[in-house]
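Coordinates in review
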Amino acid sequence: SKFYGTEFQPNLSPFHPFGSPVYVLENALQQQHSHNKWSDKSRVGIYLCHSPQHASNVSLILNTQTGNVSPQFHCVFDDSFETCKRDAKF
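Description of the structure in this document. One numbering rule holds for all chains: residues counted from 1, following each sequence as written. pLDDT decides what is reported in this predicted model: residues at 70 or higher carry local features, side-chain atom pairs at 80 or more are listed and counted, and totals for whole chains, interfaces and linings draw on all residues regardless. The side-chain numbers reported here are obtained from all heavy atoms of the structure, hydrogens and water having been left aside.

Here the focus is the pairing of strand β3 (residues 59-63). Residue exposure (1.4 Å probe, protein chains only): buried if accessible area is under 20% of the type maximum, exposed if over 50%, otherwise partly exposed. Only DSSP runs of H or I reaching four residues or more are called helices, and only runs of E reaching two or more are called strands; each is numbered from the N terminus. Across the five residues that make up β3, a large majority, four, are buried. Judged from the four bridges that link them, β3 and strand β4 (residues 69-72) form a sheet pairing that is antiparallel. Directly across from I61, in β4, lies its bridge partner S70. Note on pairing: two strands pair once DSSP finds at least 2 bridges between them. Here β3 folds back onto β4 in antiparallel fashion, the turn holding five residues, of which G67 has a positive phi close to 85 degrees.

So this is what it looks like as structure tokens:
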């Protein structure tokens, strides 16, 4: 910091780009229920922001199938948009 004369690097790991794709663990697996091994284990959502009403590691995710926004904890973020096709339509 300029005030203290020391080098300070902020921790930017909890920040993610707005609108980045997020893979959310299915509800049955979140609640540790049995799950069919041939069905999908996650669903795609869109990251909106961190939830102001929950812990700092809980994010608000837009469900692309239903259009609902819900707080989610079990997420994998794709910050560099590597899993998206150029012509993908959410």
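In this section: the packing of aromatic side chains. Only rings of Phe, Tyr and Trp enter the pairing, Trp through its six-membered ring, and a pair is recorded when the two centres are within 6.5 Å. The plane angle decides the type: under 30 degrees is stacked, over 60 is edge-to-face, the rest tilted. Enumeration according to the criterion identifies one aromatic pair in this entry. Between Y47 and F77 the ring centres are 5.6 Å apart and the planes differ by 85 degrees, which places this aromatic pair in the edge-to-face class. Placement of the pair is Y47 in strand β2 (residues 42-50) and F77 in strand β5 (residues 75-77), with a sequence separation of 30 residues. Owing to a relative accessible area of 25%, F77 belongs among the partly exposed residues under this scheme.

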